[in-house]
Amino acid sequence: METLAFLIRRVGQAVMVMLIISLIGFSIQDNLGDPLRELVGQSVSEAEREALRDRMGLNDPFFVQYARFLGNAVQGDLGTSYFFKKPALEVILRKFPATFELVLAATLIIVLVSVPAGIFCAIKPKHIGARLIMGLSIVGISIPVFLTAIFSIYLFSIELGWMPSFGRGDVVELGWWNTGFLTGDGLEHLVLPAFALSSIMLPLFIRLIRGEMMEVMRTEYVRFAQAKGLHPRRVLFVHALRNTLLPVITVGGVQIGTLIAYTILTETVFQWPGMGFLFLEAVNRVDTPLIIAYIIIVGLIFVITNTIVDLIYTYVNPMVRISGVKG
Amino acid sequence: MALLEVRDLEVEFAMRGARLKALRGVSFDLDAGDRLGIVGESGAGKSMAAYAILNLISEPGRISAGSIAFDGRVLNTLPAEEMRKVRGDRIAMIFQDPMMTLNPVLTVGAQMVECLKTHRTISDGEARALSVQKLREVAIPSPDARFDSYPHELSGGLRQRVVIAIALLLDPAVIIADEPTTALDVTIQAEIMGLMLDLCETRGVSLILITHDIAVVSETTQRMLVMYAGRVVEQGETRGIIARPSHPYTRGLLQALPQRNKPGAELNQIPGSMPTLAELPPGCAFHPRCAYADDTCSGGVPALRTLGKRLVACHHAERLK
Ligand SMILES: Nc1ncnc2c1ncn2[C@@H]1O[C@H](COP(=O)(O)OP(=O)(O)OP(=O)(O)O)[C@@H](O)[C@H]1O
Ligand SMILES: [Mg+2]
């Protein structure tokens, strides 16, 4: 019962955050030019414009307009893109799979690299390899992502000719989804952008995991586990790692959310046909409904990831888990 | 030959070029079924000695000299895997703070079963049955339910009982208890101490009891070690030392105890505090705090010498007699 209450509370918070995001998104509308100019030409008379404004409700008080916007948004109507002349939501969702697969691939790389690297640096801090990783991660933190992206294109695509330099390659349509995971060409196209995107978070994650791990290795319960004569492997993976990954999940989950923001840069450099690339184009075209739809959808993704991360954290950490309820 | 023989044990830490000695030549014997007390203020090196016996000193520290012989084998030169098999199975340890000793993300049962499964070939069912039985032996109410509890669901006293149950799980020959009740509520300290002593006694387990509290040592052990700044300053039969301390430090510890017959009387704390390893005074490390100190004391480190039936490291031990 209490888990249910917790769930409801957490979802309530998520809804609040979404309301605020939608309010911000909606307020942008007024500041990005006159919607009428995009819909009707210059030739329409002032009286006709005024009539049209009335009919569209643009003269209503702010909150009436906002409520209407919200009502439509909940039903999946985020307005119509000026440029594509199609529902903004549909235009964006069409691009969602590309971005999702990019972020997913980058996340996989981050997890697969940072967990072993972080653990290694924590338990063998004096090893030459550990020093090298720590040194590289300092350098890595200070290089902006577009430099990494451009440099990797230069090296691997232009100089060495190993990797394609732009686009997503062949994709397979699966209903409303499309995936590059199922073709060799699609996977090849994914490598560079995914590495460039992961490079932003990789140093941070390695340092985070290393720091947490070193902390945990000094705790009494790790010493007690050693004093019980457990295998070093078991001490590391059962006693230390779980406690290390708890804080990493919280910080990490939030950071993975922010990866979506970085896709704007990465997708643009690699001309990756995803939401980020689309967003930048929408900004250039002052395609207000599309911009707002992007903000709201990205906000929604962010809120959903955070909520899921929170729930996972609660599940794996029995101290947070409400006592009396067994998982 | 004694069950556990520690000889001239030295532990040093490599700190920014300097080598700090946390233990400087500690020797003692522990016979089967005996109880040995180690007392001294914070920083004396008591825990260091305990970790050294189990070869659990972590970087940048290491055992730099001496030997630890247990049951005819030299522990400090054993291969890591052989040493691991001794830990928990033959020599178990109980730590100070039960809030920190148990892993917060594993159930009580999981932390018991893993210990059994590491050292014995045993089925899940047997491991559970044995663990529950041990929980019952340390007088934990409804042990079957507690087996599935997480540590945070238990009180401090219950947790320390769990830790004691884990230490006893494999019927070790020796238990090293490093301040097992210091972190507990005063009202239950005596109860937990009593439980631990009883269980060790009935099972014939030898005990090394580490504590600040010389009163506890005097009530519970046959032999004792008084440590100061990494050295043993007095060592021998507990009864004799408590009745007539030969080292001014031992005497200071005894005088600092609250007097039972004079409640409310002022406590006579030893003035000053234990020096840090980096700033050990020359000669006898205790001399700046000692009422008997003179030039000989700052001049040379007093050797640990035989005086009657005990060992003492003081230039002026005779003057205390
Ligand atoms: N990692 C370390 N590096 C350097 N010095 C250390 C380290 N760990 C402990 N020491 C030093 O070793 C000495 C002995 O420490 P130890 O923990 O054995 O004392 P103790 O007698 O157990 O004290 P307490 O009663 O506070 O537990 C202390 O001076 C301490 O500062
Ligand atoms: Mg200690």
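Every chain's residues receive numbers from 1 upward, in the order its sequence appears when written. As they are written, the chains are lettered A onward and the ligands numbered 1 onward, keeping that order. Since the coordinates come from a predicted model, pLDDT governs what is reported: local features require at least 70, and pairs of side-chain atoms require 80 or more to be given and counted, while whole-chain, interface and lining totals use all residues. Derived side-chain values reflect all non-hydrogen atoms in the structure, with water molecules and hydrogen atoms excluded from consideration.

Kindly report on the pairing of strand E4 (residues 61-70) of chain B, identifying the contributing residues and their values.
All names here are of chain B. Judged from the eight bridges that link them, strand E1 (residues 4-15) and E4 form a sheet pairing that is antiparallel. Each residue of the ladder has a partner; that of Arg-7, found in E4, is Ser-67. Strands are treated as partners if at least two bridges between them are detected by DSSP. Per the convention used, a helix needs a DSSP run of H or I reaching at least four residues, while a strand needs a run of E reaching at least two, with both numbered from the N terminus. Here E4 runs beside strand E5 (residues 73-74); their pairing, made up of two bridges, is antiparallel. Looking at E5, one finds that Phe-70 is bridged to Arg-73.

How would you summarise the interface of chain B and chain A if you had to cite specific residues and measurements?
Note on contacts: a residue pair qualifies if any of its non-hydrogen atoms lie within 4.5 Å across the two residues. Listed as interface residues are 32 residues of chain B and, on the opposing side, 24 residues of chain A. The term buried area refers to how much accessible surface (probe radius 1.4 Å) is lost by two components on association, counted for both of them together. Carbon and sulfur atoms supply 60% of the area buried between chain B and chain A, which totals about 2500 Å² over both sides. Summed over the three residues of chain B that lose the most area to chain A, namely B:Val105, B:Glu114 and B:His152, the buried surface amounts to 23% of that side. Whenever Lys or Arg places a side-chain nitrogen within 4 Å of a carboxyl oxygen from Asp or Glu, that contact is recorded as a salt bridge. In this assembly, chain B and chain A are joined by three salt bridges. Across the salt bridge formed by A:Arg234 and B:Glu114, the nearest N and O atoms sit 2.7 Å from each other. Each polar contact in these results corresponds to two N or O atoms within 3.5 Å; when the atoms are within protein, one needs to be able to donate a hydrogen and the other to accept it, and residues that are neighboring in sequence are counted only if both atoms are side-chain atoms. Between the two partners, chain B and chain A, sit 12 residue pairs in polar contact (both at pLDDT 80 or more).

Hey, could you go over the site of ligand 1 for me, with residue numbers and the actual values?
Residue and element names in this part refer to chain B. We call a residue near a molecule or strand when any one of its heavy atoms sits within 4 Å of it. Looking at ligand 1, there are 14 residues lining it, with Ser-42, Gly-43, Ser-47, Met-48 and His-212 nearest. Residue Ser-42 places a side-chain N or O atom 2.3 Å away from an oxygen atom belonging to ligand 1. Within the side chain of Glu-179, one N or O atom sits 3.0 Å away from an oxygen atom of ligand 1. Protein chains shield 69% of the accessible area of ligand 1, which is 640 Å² for the free molecule. Elements represented by at least two residues in the shell around ligand 1 include exactly E1 and helix H1 (46-53). Counting residues per element, the shell around ligand 1 draws most heavily on H1, at three residues. Just so you know the grouping, Ala, Val, Leu, Ile, Met, Phe, Trp, Tyr, Cys and Pro go in nonpolar, Asp, Glu, Lys and Arg go in charged, and all remaining residues, Gly too, go in polar. Partitioning the shell around ligand 1 into residue classes produces six nonpolar, five polar and three charged. Only the protein chains shown count as covering a residue, and every accessible area follows the Shrake-Rupley method with a 1.4 Å probe.

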